[in-house]
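Structure at a glance
So you can see what is in the structure, the chains are spelled out below.
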Amino acid sequence: MDSNKSKRIKSDKKIQETYAPILEAIKRSSSNGGSIQFHIPGHTKGVGVLPDFKALLDKYGAAALDSTDEFENIGTLHPPTGPIKEAQELAAKAFGAKESFFLLNGSSIGNMALALTLIKPNDKVLIGRNCHRSIVTGMIMSSANPIWIAPKKHEKYSIWGEITPQDVKNQLEANPDIKLVWITSPTYEGIVSDVKAISSICKSYNIPLIVDEAHGCLWNFSPKLPTSALHLGASAVVHSMHKTGGSFSQSSILHVSKDSIINVEKLKHNLRLLHTTSPSILLLASIDAARAYLESESGKKLIDNAIDNAMYVRQELKHYENVHILSNNNDFKIDPTKLYITIDGFSGARLETILKTEFNIEIESTTDYGFLALLNIGNNFNEVKYFVESLKKIATSNYHDISYMEKLKFMPLLTPTIKMTPREAFYMESEKVSLENSVGRISSEIIAECPPGIFILVPGELITEAHLPYLRKYKEISVLKD
Ligand SMILES: Cc1ncc(COP(=O)(O)O)c(C=O)c1O
């Protein structure tokens, strides 16, 4: 064998021995360290991480600190003991909850645990149709019979909005055997429902209200932000601390409110049922650190900066007639740090591409008409100024949007035809069919675009022609066997 070939085989072998595709992908993406990010995770490259925690990570490195509970005298997550228990208690105090529980596997696991705790088989549950897919998973696990409530549709922006108290009242009058109301507020784009009015309606029916507040974990730390549902009568709330609170991905908190009617012991049992038995110390520490930072004076200043930065963007773009930013109005209030922006003549996907390729700016997500940018605690003013200047350039330049007419429909603003409960469908035999052949069949899977994880179809729903524009990227759909 020639020596070159032998060298090549050796080096190929070496590459193969150590080849780890995720690692390679991380290496590639971190080589673009200069990108400006307005998205989750909200700590934005570590800037929004408690300096003390960051120093610890810098000094020892993640690998040296990695461990699970039971070791290092940090206590246990289930049952909560030692420093973990203390950290959860401090979180409950900071958020004004009766009890708070740290979640690994995100708010998703909190939603599932709540479903198992509050729903008995065949219970009717009133749920906002714009909920996250983890709530449907909870419906399957608990054998719920979901009654969907449609939020307001804001066609101008192509997004779901608030759930109105009147709609909740109407549904409860029509279905007096509903056992639980579950809404999402704020929406992904920041629209806030009137939780106070909805909770007082729920109280009059003596049923709990759960609010998925995954995107609102900063609210308790600034009077300039909306009031958390924890203080407006909700029985429980989930917060994805990793989304905007500065903790690491997949770390969240589930709070039970002070006047909650939830059986907390049962909830604890179900959290244990669902959680890993090897909780990561780093993730737990990151929740603890995020809580400590948000409560501190310097953390509060970061939140103030995020709000001011968002206000600056709104102010600067106010006079551009072709630029529209979702804002407070007579129908609903918003979380001001979330900038949902449309520019006339552009699809969201096109705007995302221009921002990324021309300006090296990464945003959170897109819809048919616009995009969402999160002004996070980890963003500084220079970044925000650059963002504004970039948007001004886009708004005043002639960027041709060739894809605008053929945009993929994104946000499923559809009324479902329900054939059976999600759990009934879950246990039936299924098969894959082509998209064209799926019309008239019953879905056997949750089809949801992430982010934000709002579904197009859940198991047990009829697939109709109206679904097709939203499903164009799926070659096959899983349906129930005839
Ligand atoms: C409204 C809502 N609830 C819950 C979740 C799930 O949160 P996590 O990613 O923390 O599991 C999401 C995630 O996008 C969400 O948008």
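The shown structure was predicted, so the numbers you read here are calculated from the model rather than taken from an experiment.

1. Considerations on helix H3 (residues 51-65)
- Given a rise of 1.5 Å per residue, 15 residues ought to cover 21 Å, yet the end C-alpha atoms of H3 are separated by just 16 Å, more than 12% below that figure.
- The sharpest bend along H3 measures roughly 75 degrees and falls at Lys-59.
- The buried count for H3 comes to 1 of 15 residues, which makes it a mostly uncovered element.

2. Considerations on the nonpolar core
- Of all hydrophobic cores here, the largest spans 124 residues; its most connected members are Val-181, Trp-182, Ala-234 and Ala-373.
- Setting aside residues up to four positions removed in sequence, Ala-234 forms contacts with Val-195, Ser-199, Leu-209, Ile-210, Val-211, Ala-229 and Ser-257.

3. Section: the domain arrangement of the protein chain
- Along its sequence, the protein chain is organised into domain 1 (60-295), domain 2 (297-406) and domain 3 (422-480).
- Between the C-alpha centres of domain 1 and domain 2 the distance comes to 27 Å.
- Facing the 23 residues of domain 1 at the interface are 21 residues of domain 2.
- When residues of the side of domain 1 that touches domain 2 are traced back to their parent elements, those giving at least two are strand S8 (191-192) and helix H11 (281-295).
- If you tally residues by element for the side of domain 1 that touches domain 2, the top one is H11, at 3 residues.
- A class-by-class count of the residues in the side of domain 1 that touches domain 2 yields 12 nonpolar, 7 polar and 4 charged.

4. Details of the sheet that holds strand S7 (residues 178-184)
- Overall, mixed pairing links the 7 strands, which are arranged S2-S11-S10-S9-S7-S3-S4 in an open sheet. Each of the sheet's edge strands pairs with one partner strand only, and the pair in question is strand S2 (99-104) and strand S4 (145-149). Pairwise comparison of adjacent strand axes, ignoring direction, gives a mean angle of 20 degrees for this sheet.
- Judged from the 6 bridges that link them, S2 and strand S11 (residues 251-256) form a sheet pairing that is antiparallel. Residue pairing in the sheet places Phe-102 in a bridge with Ile-253 of S11.

How each quantity is defined
Residues numbered from 1 in each chain as written. Predicted model: local features only at pLDDT ≥ 70, side-chain atom pairs only at ≥ 80, totals over all residues. Helix = DSSP H or I, 4+ residues; strand = E, 2+ residues; numbered from the N terminus. Expected span 1.5 Å × (residues − 1). Bend = angle between axes of the 7 residues up to and from the residue. Buried ≥ 20, exposed ≤ 12 C-beta atoms within 10 Å, placed from the backbone. Core = buried A, V, L, I, M, F, W, Y, C linked by C-beta atoms within 7 Å. Contact = placed C-beta atoms within 7 Å. Domains from an automatic or database assignment. Nonpolar A, V, L, I, M, F, W, Y, C, P; charged D, E, K, R; others polar. Pairing = 2+ DSSP bridges. Axes fitted to C-alpha atoms, helices over the stretch in contact; angles between N-to-C directions.

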